[in-house]
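What the coordinates show
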Amino acid sequence: MDSLTTFASWLWGWPLLSLIIIGGLVICFRTRFFHLTHFPYILQQTIGQVFNSKHSGDGQLSPFQAMTTALASSIGAANIVVAPAIIFTSGPGAIFWMVLVSFIGQATKFAEVTLSMYYREKNEEGEYVSGASYVLKKGVGGTLGKVLGTAVSFFFMIEILPSITIQSISAAEPMMTIGATFGANPTIVKYFAIAAIFIVTALIVYGGVKTIGETTSRLVPIMAVLYLVFGIIILVMNTERLPDVFRYIFVGAFNPKAFAGGFAGATLQRVIGDGVARGVYSSEAGMGSAGYGHASASIDHPVRQGFWGCFEVLADTLVLLMSTLVVLAAGIWTPGMSDAALQASASNAVDRAFNDSFGVFGSIMVSIFLFLFVISTLIVIVFYCEKQAEYLFGTRISKWFRALAMLMVVLAAFVSFDRAGTFLDITLGLVIIPNMIGIILLSGKVKQLTNEFFSNPTLYPKAAKKRSKQ
């Protein structure tokens with residue numbers, strides 16, 4: 001197991017991160033960094049169209065519903081529990097690199113979603129399906145495309161199944177925490193929580209992609225906005241600390257030894273590497289998962305749905321950033337902390353920040369946020385598991401894998417995957433490699449589609465003004 005841990009650590013070091021960054025930069029340059037130069041327009045076409053009930057094109061979900069389906073997978077418990085831990089292992093400077101890589105991640109996610117919409121197809125039941133596996137099979141084409149597409153679906157499915165159990169355990173733990181606050185038996189609370197999770201997940205997943213889209217479009221925005229609002233309140237309550245917070249982040253990004261503490265021996269390479277890895281892992285840019293959620297969107301051009309991919313990374317990064325800022329603003333991390341203090345604070349930093357700010361009510365809020373974040377993720381990854389099986393074996397057999405995925409929820413009541421993280425990291429890495437190879441090979445198609453959109457006056461009205469000036 002130690003050798004696997006070493007391999008996973010190496011794989012998620014510069015090999016994978018370099019591939020993801022290089023692939024993202026290729027898209028950035030080939031599209032002329034449009035996601036930055038056209039940022040206001042992207043916001044207008046995404047969040048500015050949320051309440052627009054009119055959607056052109058063929059599809060089962062609105063563009064917003066498709067986006068929240070994909071976003072539900074990336075905004076999860078890791079944004080509250082795992083993200084802040086980076087402060088205690090690599091220092092606040094890692095936050096800078098975590099946010100910086102999101103700008104590259106927006107280009108990658110844009111490419112993934114745009115290509116998925118372009119290469120989507122209808123299955124035997126008349127539903128649109130797509131994702132990394134379809135993009136590789138149809139876009140790259142030939143034997144290479146089929147091999148890469150099969151590899152993505154196989155390893156993604158193998159990664160998802162145990163993830164469902166782990167996510168179910170993570171969803172039950174907040175309920176156990178709340179139960180313990182009121183003196184309830186933790187074991188009984190766990191069984192009831194798993195049963196509730198199973199019933200809720202089954203009702204939504206078996207309702208089909210339409211039900212999933214409608215549920216995530218209501219749940220994801222509410223839980224994300226509420227979390228950000230309470231985070232902003234904590235920042236306002238600690239306004240006097242904010243100058244120091246930003247000093248820790250910006251100075252620590254280039255001089256990690258500037259602040260004493262358990263990470264004082266951390267090199268700049270480690271700070272950059274850990275920050276980039278956390279940003280990539282959270283946003284899922286490079287994993288190719290978003291296309292499965294966006295496939296059913298009703299749109300008039302693939303690039304328009306690609307805009308939602310950019311917004312998806314932005315939304316996830318905001319939640320991620322808020323988690324780290326409240327930890328620093330509330331003083332949970334301070335310069336000069338001992339190794340023991342750093343280790344003790346890493347796993348419950350956000351909970352302590354909310355508890356220090358709002359008392360017991362704050363801890364209850366964090367538990368509720370964790371439960372909702374995990375439930376939304378769980379709904380979507382069960383759906384993703386079914387779609388991988390559908391690609392590999394067809395729609396009939398995929399229904400059996402949906403049932404298997406639901407059984408993995410029940411398994412959470414009886415098992416504990418203490419060391420599953422290493423296995424999940426390796427399998428996820430084996431998903432990213434073929435996906436990013438495909439993104440790079442198809443970067444020309446992304447450029448073509450982007451130019452096509454921005455040169456069409458019907459799709460992009462400003463194109464007509466540019467032509468008239470010429």
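So, a few notes on the structure that sits alongside this text. (Residues numbered from 1 in each chain as written. Predicted model: local features only at pLDDT ≥ 70, side-chain atom pairs only at ≥ 80, totals over all residues. Heavy atoms only, no water.)

1. A closer look at the overall build of the chain
Looking only at helices and strands, the chain features 22 helices and two strands. Its C-alpha atoms give the chain a radius of gyration of 22 Å, within 12% of the compact-globule value 23 Å for 470 residues. The principal-axis extent of the C-alpha atoms belonging to the chain is close to 60 × 55 × 45 Å. A total of about 19000 Å² of accessible surface is found on the chain, and carbon and sulfur atoms cover 65% of it. Distance between charge centres in the chain, computed from 31 positive and 25 negative side chains, equals 11 Å. (Helix = DSSP H or I, 4+ residues; strand = E, 2+ residues; numbered from the N terminus. Rg over C-alpha atoms; globule rule 2.2 N^0.38 Å. Areas by Shrake-Rupley, 256 points an atom, 1.4 Å probe, with all protein chains shown as cover. Lys, Arg positive; Asp, Glu negative; His and termini not counted. Charge placed at Lys NZ, Arg CZ, Asp CG, Glu CD.)

2. Notes on the packing of helix α11 (residues 209–237) against helix α15 (residues 302–329)
Close contact between α11 and α15 brings their axes to 9 Å; oriented N to C, the two are set at 25 degrees. With respect to α15, the axis of α11 lies roughly parallel. Regarding α11 and α15, the two cross each other, and that crossing is left-handed. Here Ala-224, Tyr-227, Leu-228, Gly-231, Ile-232, Ile-234 and Leu-235 of α11 come into contact with α15, specifically with Leu-318, Val-319, Met-322, Ser-323, Leu-325, Val-326 and Ala-329. Within the contact of α11 with α15, the residues separate by chemical class into 12 nonpolar, two polar and no charged. (Axes fitted to C-alpha atoms, helices over the stretch in contact; angles between N-to-C directions. Parallel < 35°, antiparallel > 145°, perpendicular 65-115°, else oblique. Left-handed = near helix turned anticlockwise from the far one by under 90°. Contact = heavy atoms within 4.5 Å. Nonpolar A, V, L, I, M, F, W, Y, C, P; charged D, E, K, R; others polar.)

3. Looking at the side chain of Ser-163
Along the polypeptide, Ser-163 turns up in helix α9 (residues 142–181). In terms of polar contacts, Ser-163 uses its side chain to reach the backbone carbonyl oxygen of Glu-159, at 2.8 Å. Discounting residues that sit within four places of it in the chain, Ser-163 has contacts with Ile-381 and Leu-424. (Polar contact = N/O pair within 3.5 Å; in protein donor to acceptor, adjacent residues only side chain to side chain.)

4. Some thoughts on the environment of Phe-354
On the secondary structure map, Phe-354 appears in helix α17 (residues 349–358). For Phe-354 and Met-365, which are 11 residues apart along the polypeptide, the C-alpha to C-alpha distance reads 8.0 Å. Residues in contact with Phe-354, not counting those within four places in the same chain, are Tyr-227, Phe-230, Ile-234, Gly-359, Gly-362, Met-365, Val-366 and Phe-369.

5. A look at the packing of aromatic side chains
Counting across every chain of the model gives 37 aromatic pairs. Residues Phe-29 and Phe-33 carry aromatic rings whose centres are separated by 5.1 Å and whose planes lie at 80 degrees to one another, so their mutual orientation is edge-to-face. Residue Phe-29 is classed as exposed on the basis of its relative accessible area, which comes to 59%. Assessed through its relative accessible area of 26%, Phe-33 is described here as partly exposed. (Phe/Tyr/Trp six-rings, centres within 6.5 Å; stacked < 30°, edge-to-face > 60°. Buried < 20%, exposed > 50% of the residue type's maximum accessible area, 1.4 Å probe, protein only.)

6. Brief notes about the nonpolar core
Residues Phe-88, Ile-164 and Phe-307 are the most contacted members of the largest nonpolar core, which totals 139 residues. Tallying contributions element by element places helix α18 (residues 360–393) first for this core, with 17 residues. Look past the residues within four positions of Phe-307 in its chain and what remains in contact with it is Phe-34, Tyr-41, Ile-42, Gln-45, Thr-46, Phe-110, Phe-453 and Phe-454. (Core = buried A, V, L, I, M, F, W, Y, C linked by side-chain atoms within 4.5 Å.)

7. Concerning the packing of helix α12 (residues 242–254) against α15
Packing of α12 against α15 leaves a shortest axis separation of 9 Å and a crossing angle of 120 degrees. By the angle between their axes, α12 is oblique relative to α15. Here the hand of the crossing between α12 and α15 comes out right-handed. Mapping the contact onto sequence places Leu-242, Val-245, Phe-246 and Ile-249 in α12 and Leu-325, Leu-328 and Ala-329 in α15. Of the residues assigned to the contact of α12 with α15, the class counts are seven nonpolar, no polar and no charged.

8. Considering the pattern of salt bridges
Taken as a whole and assessed by the stated rule, the structure comprises 10 salt bridges. The shortest N-O distance in the salt bridge between Glu-125 and Lys-399 comes to 3.0 Å. Taken together, the residues Glu-125 in the loop between β1 (121–122) and β2 (128–129) and Lys-399 in helix α19 (residues 395–411) connect sequence positions 274 residues apart. Given a relative accessible area of 28%, Lys-399 falls into the partly exposed group. Its salt-bridge partner being Lys-399, residue Glu-386 comes within 4.0 Å of it at the nearest N-O pair. Residue Glu-386 is located in helix α18, and its partner Lys-399 is located in helix α19; the two are separated by 13 residues in the primary sequence. Taken together, the shared-partner salt bridges in this structure form one network comprising Glu-125, Glu-386, Lys-399 and Arg-402. (Salt bridge = Lys/Arg side-chain N within 4 Å of Asp/Glu carboxyl O.)

9. Focus: α11
For α11, built from 29 residues, the straight-helix expectation of 42 Å at 1.5 Å per residue is met to within 8% by its first-to-last C-alpha distance of 42 Å. Of all the bends in α11, the largest measures some 25 degrees and sits at Thr-216. For α11, the set of buried residues is Val-209, Ile-212, Gly-213, Thr-216, Ser-217, Val-220, Met-223, Ala-224, Tyr-227, Gly-231, Ile-234 and Leu-235. (Expected span 1.5 Å × (residues − 1). Bend = angle between axes of the 7 residues up to and from the residue.)

10. Topic: α9
The terminal C-alpha atoms of α9, which comprises 40 residues, lie 58 Å apart, in line with the 58 Å expected from a rise of 1.5 Å per residue. The axis of α9 is deflected most strongly, by about 25 degrees, at Ser-163. Positive phi appears at Gly-183, one or two residues downstream of α9, with a value of about 80 degrees.

11. Some words on the environment of Ser-376
Mapping Ser-376 onto the fold places it in helix α18. The exposure class of Ser-376 is buried, given its relative accessible area of 0%. Taking the C-alpha atoms as reference points, Ser-376 and Ser-18, 358 residues apart in sequence, are found 30 Å from one another. Those residues in contact with Ser-376 that lie beyond four places of it in its chain are Ala-72, Ile-75, Leu-219, Val-220 and Met-223. For Ser-376, the side chain forms a polar contact with the main-chain oxygen of Phe-373, separated by 2.8 Å.

12. Here's the deal with unusual backbone geometry
Of note, the phi angle at Arg-32 is positive, near 60 degrees, even though the residue is not glycine. When you line up the elements, Arg-32 lands in the loop between α2 (14–30) and α3 (34–37). With relative accessibility at 71%, the residue Arg-32 sits in the exposed group. One non-glycine residue, Phe-33, lies in the positive phi region at around 55 degrees. With respect to the helices and strands, Phe-33 occurs in the loop between α2 and α3.

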